[in-house]
Amino acid sequence: MAFCRRLARLAAHLQDPRKVAAFQRLCGVEGPSGWAEAEQRAGGRGQVVNGGPPAAERAGGRGHPAGNGTVPGGAAPPQRWRRRPRRNSLTEEDGSQEFSTRSRFLYYLFSLGTELGNELFYILFFPFCIWNLDAWLGRRLIIIWVWVMYLGQCTKDVIRWPRPASPPVVKLEVFYNSEYSMPSTHAMSGTAIPLALLLLSYGRWQYPLMFGLILAFCWCALVCCSRIYMGMHSILDVIAGFLYAILILVVFHPVVDLIDNFNLTYKYAPLIIISLHLALGIFSFTLDTWSTSRGDTAQILGCGAGVACGSHVNYVMGLKLDPLPDMLPLSLSSLTVTVFGKAILRLLVGVIVLLLTKVAMKKATIPLACKIFRIPHDDVRKARQRMEVELPYRYITYGMVGFSLMFIVPCLFHFIGLS
């Protein structure tokens, strides 16, 4: 019993937003003038709901709407290098709170760490791995990534802990501010991807083990610390995300070969995969009211289903993307200027195709879903927040992106001589 009380006190200590604010100050981040007074005024606020303002404002209080974990009253011009948080176009959050920082290096370093858990990184990293390095490795990384992110997003909507209060925390990012906080899915992906990369590639690729360990540690540490620096997560959120990702990795790593083999060889695998991922998406959409978490979940599931279906079609048609067994273990020692140039060209051409696929499917699916379910689409932002629109739009769009990644783009490479 005493151990449980100590554990509860430790958890409360690690969840304290003042620890986040102290880390930000240590890194040179400062809020607007009057930040301390705003923190005192925020002492009596009500519970913060996902993506909504405090309870007092919902009951009719005055003031501008605030995002998850945001407290109004502390917006005054900062005195030093000014930046504005990146805003999500689907939310109504102001995003105009400026902040100042004494270290541009740390700001850009931790911004890089945050991007390692965002869509821009995924749409570059996974294609590069599949098209240029090892499709066998890339498929397995995506399988693990899908389950890590799905379970993390669903857990957020079950636990429903708000973001760290602001003030005292300075919000350097508001893009995912409408989501709940526990656990940090950035920390989960920043832990699972490098560790899975190490576990799956060591022995298959020739490199020093110490190099892999250092890379995994630096990758994980950078992503985890960036979420505290950005003011989006408490220390407890990040630790929980780290441990949760390891737990999921322990469960899924031993069976990832079976899952990939099923996706490739079983006759009815595409039907089962599409149905399963769609059912999981519908379940996640029932957990809570709208937030960016729901769309991201459908996006991840759609991408995973598309990659699995594309892999199956490759196998059926005999399109071999995996290195031949007699080429193992693989090595980077044969890297030449010509090989590097072709790799960059493949990445450039392939990503353009993926982006065009995304834009085309988005243009087609949103109006179609609105028409089928008779939802007005004069305001696209509001229409996209409806489950009947967002689930098929995200699922189909990113399903086609995943299918293009595994099948259409490799076929294009073969046709134009870039394979």
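- If you check an unreviewed UniProt entry, the protein chain appears there as Sphingosine-1-phosphate phosphatase 1 from Accipiter nisus.
- On record in UniProt, under Subcellular location (unreviewed entry), the comment for the protein chain is "Endoplasmic reticulum membrane".
- Per its UniProt entry, the protein chain bears the Sequence similarities (unreviewed entry) comment "Belongs to the type 2 lipid phosphate phosphatase family."

Comments concerning the overall build of the protein chain
Thought 1: Scanning the protein chain from terminus to terminus reveals 16 helices and three strands.
Thought 2: Looking at the 419 residues of the protein chain, the share that counts as buried comes to 52%.
Thought 3: Taken as a whole, the protein chain presents about 20,100 Å² of accessible surface, with 68% of it coming from carbon and sulfur.

A short note on the pattern of salt bridges
Thought 1: Counted according to the given criterion, the structure contains seven salt bridges.
Thought 2: For Arg 140, the salt bridge is made with Asp 257, and the minimal N-O distance between the two is 2.7 Å. Placement of the pair is Arg 140 in helix 7 (residues 135-159) and Asp 257 in helix 11 (residues 256-265), with a sequence separation of 117 residues.
Thought 3: Judged by its relative accessible area of 40%, Asp 257 falls in the partly exposed class.
Thought 4: For the salt bridge of Glu 390 with Arg 394, the shortest nitrogen-to-oxygen distance reads 3.8 Å. With Glu 390 and Arg 394 both in helix 16 (residues 387-416), this residue pair falls four residues apart, about one helical turn.
Thought 5: If you follow the salt bridges from partner to partner, you end up with Arg 139, Arg 140, Asp 257 and Asp 260 in one network.

Definitions and limits used
- Residues numbered from 1 in each chain as written.
- Predicted model: local features only at pLDDT ≥ 70, side-chain atom pairs only at ≥ 80, totals over all residues.
- Heavy atoms only, no water.
- UniProt positions renumbered as here; feature names shortened; annotations may be inferred.
- Helix = DSSP H or I, 4+ residues; strand = E, 2+ residues; numbered from the N terminus.
- Buried < 20%, exposed > 50% of the residue type's maximum accessible area, 1.4 Å probe, protein only.
- Areas by Shrake-Rupley, 256 points an atom, 1.4 Å probe, with all protein chains shown as cover.
- Salt bridge = Lys/Arg side-chain N within 4 Å of Asp/Glu carboxyl O.

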